[in-house]
Amino acid sequence: MVVRRDALALWAGVLFSFAFTGLIWLAGERLEAIPKLPDEGASWYYWKLPEPTLWSRATAWGGYAAHQLALWGLIVYAQRRVRRYTTGLHRVNLVALAVNAGFAVLHFVQTHVWYDGLAQDVSIFSSQGSVVLLLVWVLLMENDRRGLFFGRRAPFARELVRFARRYHGYVFAWAAVYTFWYHPMENTSGHLIGFVYMFFLLLQGSLFFTRAHLNRWWTFTLEAIVLVHGTLVAVMQGNGLWPMFALGFAGLIVVTQMHGLGLGRGPKWLAVAAYAAATALIYNWRGWARIDEVVRIPVIEYASVFVLAGLLWVGLRIASVTRVRARAAGAAT
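A brief structural summary. If you're wondering where the values come from, they're calculated on a predicted model, not measured in any experiment.

**Re the overall build of the protein chain**
- In terms of regular secondary structure, the protein chain is built from eleven helices and zero strands.
- Ordered by position in the sequence, the α and β elements of the protein chain form the string α-α-α-α-α-α-α-α-α-α-α.
- The C-alpha radius of gyration computed for the protein chain amounts to 22 Å, which stays within 12% of the reference 20 Å derived for 333 residues, consistent with globular compactness.
- Here the protein chain holds 333 residues, and the buried ones make up 49% of them.
- In the protein chain, of all internal contacts separated by at least 6 residues, the share reaching a separation of at least 24 is 79%.
- Of the accessible surface of the protein chain, which amounts to about 17,300 Å², a share of 67% is contributed by carbon and sulfur atoms.
- Separation between the mean location of the 30 positive side-chain charges and that of the 16 negative ones in the protein chain comes to 18 Å.

Structure representation (structure tokens):
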């Protein structure tokens, strides 16, 4: 039996992700001694130094910038020099895996020596927004393959989808690396789940131009993990909003994401029935007056897909007109 190197790298990366998250958990107790300001609510990020230093800022932003530029540079190289998918590993994949592992170690050291992340200087909503942009970009990018609503495609121009596919690596690398360096490597449950997810995204980004990168069950897992993360964080916060996250992200799975898995009608109807039963059970207990919670996240994400498509369409039209005018001006001289 021949073992595919890309699949082996994927599973090794998954094991590394869990192992490194275990290290964050084990070492996290020593961070409890770091003083923090009182929590001021939903817009406040608690895990940052009361008085940041030059080195705490320089190491956080320097680590982020170096990590970001390294991944973008590797994507440029791969798109220009590789261009073909393989069941093995390109040399650039090995470099990308090493780069991400190296920066994981660097961020761990940076947290335990200087502590602060990017959260000291930017809003918590920027970190959340980067992940939302990633998820929305996937919905646009996958429209031609799995549709947007129960397998039916939204009427996006093929040019838009091609653009989203060609440049998704740069956007996803930014979202993952920015969020990765936003947080110090604390060992709260929310941080640990989040870092596993970031490690998975960085692993996916390292396997560009391999068949493992296109594995439909793996990419589905990357989308579905936000259901677990969002729900557990809401439960831990005790704000009573966990059904909004659980059923909201589950709704995205039923309406869109599961339709890219090649499932038959039976499993799809079973998923719909399970979702309907869970919704009925929860809101019989919770009260049907709050049923609007179920649609909040799907409405935001689907509306955002059309907003993103509109913005990209405008950008592409401007670029097209600019190129035509430049060629006309060149021909006239």
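**Considerations on a nonpolar patch on the surface**
- A cluster of nonpolar residues, Leu54, Trp55, Val105, Val109, Val113 and Trp114, forms a patch on the protein surface that exposes about 630 Å² of accessible area.
- At the level of elements, α2 (54–81) and α3 (91–113) are the ones that each hand at least two residues to the nonpolar patch.
- Looking at which element gives the most residues to the nonpolar patch, the answer is α3, with three residues.
- For valine 109, the location among the structural elements is in helix α3.

**Some details on the packing of helix α1 (residues 5–27) against α3**
- Where α1 meets α3, the axes come as close as 12 Å, and the angle between the chain directions of the two elements is 0°. The orientation of α1 with respect to α3, classified from their angle, is roughly parallel. Residue-level contacts link Arg5, Ala9, Phe16, Phe20, Leu23, Ile24 and Ala27 of α1 to Leu94, Leu97, Ala101, Ala104, Val105, Phe108 and His112 of α3.
- Along the lines of polarity and charge, the residues of the contact of α1 with α3 split into twelve nonpolar, one polar and one charged.

**Focus: the environment of glycine 28**
- Inspection of the secondary structure assignment puts glycine 28 in the loop between α1 and α2.
- Since its relative accessible area comes to 0%, glycine 28 is described here as buried.
- C-alpha of glycine 28 to C-alpha of histidine 112: the two residues are 84 residues apart in sequence and 8.7 Å apart in space.

**Observations concerning the packing of helix α4 (residues 124–141) against helix α6 (residues 158–182)**
- Between α4 and α6, the least distance of the axes is 9 Å, while the angle of their chain directions is 155°. Put simply, α4 runs roughly antiparallel to α6. Along this stretch, α4 crosses α6, giving a crossing that reads as left-handed. Between α4 and α6, the contacting residues are Ile124, Ser126, Ser127, Ser130, Val131, Leu133, Leu134, Trp137, Val138, Leu140 and Met141 on the first element and Val161, Phe163, Ala164, Arg165, His168, Val171, Phe172, Trp174, Ala175, Tyr178, Thr179 and Tyr182 on the second.
- Its residues placed into classes, the contact of α4 with α6 shows 17 nonpolar, five polar and one charged.

**Section: the pattern of salt bridges**
- Going through the model one piece at a time under the given rule, you end up with eleven salt bridges.
- Salt-bridge contacts for arginine 145 lead to glutamate 142; the nearest nitrogen and oxygen are separated by 2.9 Å.
- According to the relative accessible area criterion, arginine 145 is partly exposed, its value standing at 39%.
- Close ionic contact of glutamate 142 with arginine 165 constitutes a salt bridge, the shortest N to O distance being 2.9 Å. One end of the pair, glutamate 142, is in the loop between α4 and α5 (143–146); the other, arginine 165, is in helix α6, with 23 residues separating them in the sequence.

**Brief notes about the side chain of aspartate 6**
- Checked against the element boundaries, aspartate 6 lands in helix α1.
- Aspartate 6 gets classed as buried once you look at its relative accessible area, which sits at 0%.
- Within polar-contact distance, the side chain of aspartate 6 engages the side chain of arginine 4 at 2.7 Å.
- Polar side-chain contacts of aspartate 6 include one of 2.8 Å to the backbone nitrogen of alanine 212.

**Some remarks on the packing of aromatic side chains**
- All told, the structure shown has 27 aromatic pairs when counted by the stated rule.
- Taking 5.2 Å as the distance between ring centres and 50° as the angle between the ring planes, the aromatic pair formed by tyrosine 85 and phenylalanine 209 counts as tilted. With tyrosine 85 in the loop between α2 and α3 and phenylalanine 209 in the loop between α7 (189–206) and α8 (216–237), this pair connects stretches of sequence that are 124 residues apart.
- Taking relative accessible area as the criterion, tyrosine 85 reaches 34% and is therefore assigned partly exposed.
- Here a set of aromatic residues connected by ring pairs shows up, and it is made of Tyr45, Tyr46, Trp47, Trp61, Tyr64, Trp174, Tyr178 and Tyr182.
- For lysine 48, the ring lying beneath its charged end belongs to tryptophan 44, and the centroid distance is 4.2 Å.

**Some words on the side chain of histidine 67**
- Looking at where histidine 67 falls in the secondary structure, it is placed in helix α2.
- One polar contact links histidine 67 to asparagine 100, side chain to side chain, over a distance of 2.8 Å.
- If near-sequence neighbours (up to four positions away) are discounted, histidine 67 is found in contact with Val99, Asn100, Phe103, Val177, Phe180, Trp181 and Leu202.

Thresholds, definitions, all that
- Residues numbered from 1 in each chain as written.
- Predicted model: local features only at pLDDT ≥ 70, side-chain atom pairs only at ≥ 80, totals over all residues.
- Heavy atoms only, no water.
- Helix = DSSP H or I, 4+ residues; strand = E, 2+ residues; numbered from the N terminus.
- Rg over C-alpha atoms; globule rule 2.2 N^0.38 Å.
- Buried < 20%, exposed > 50% of the residue type's maximum accessible area, 1.4 Å probe, protein only.
- Contact = heavy atoms within 4.5 Å.
- Areas by Shrake-Rupley, 256 points an atom, 1.4 Å probe, with all protein chains shown as cover.
- Lys, Arg positive; Asp, Glu negative; His and termini not counted.
- Charge placed at Lys NZ, Arg CZ, Asp CG, Glu CD.
- Patch = residues over 30% accessible without salt bridge, like charges linked within 9 Å, V, L, I, M, F, W, Y side chains within 5 Å.
- Salt bridge = Lys/Arg side-chain N within 4 Å of Asp/Glu carboxyl O.
- Axes fitted to C-alpha atoms, helices over the stretch in contact; angles between N-to-C directions.
- Parallel < 35°, antiparallel > 145°, perpendicular 65-115°, else oblique.
- Nonpolar A, V, L, I, M, F, W, Y, C, P; charged D, E, K, R; others polar.
- Left-handed = near helix turned anticlockwise from the far one by under 90°.
- Polar contact = N/O pair within 3.5 Å; in protein donor to acceptor, adjacent residues only side chain to side chain.
- Phe/Tyr/Trp six-rings, centres within 6.5 Å; stacked < 30°, edge-to-face > 60°.
- Lys NZ or Arg CZ within 6 Å of the ring centre and 35° of its normal.

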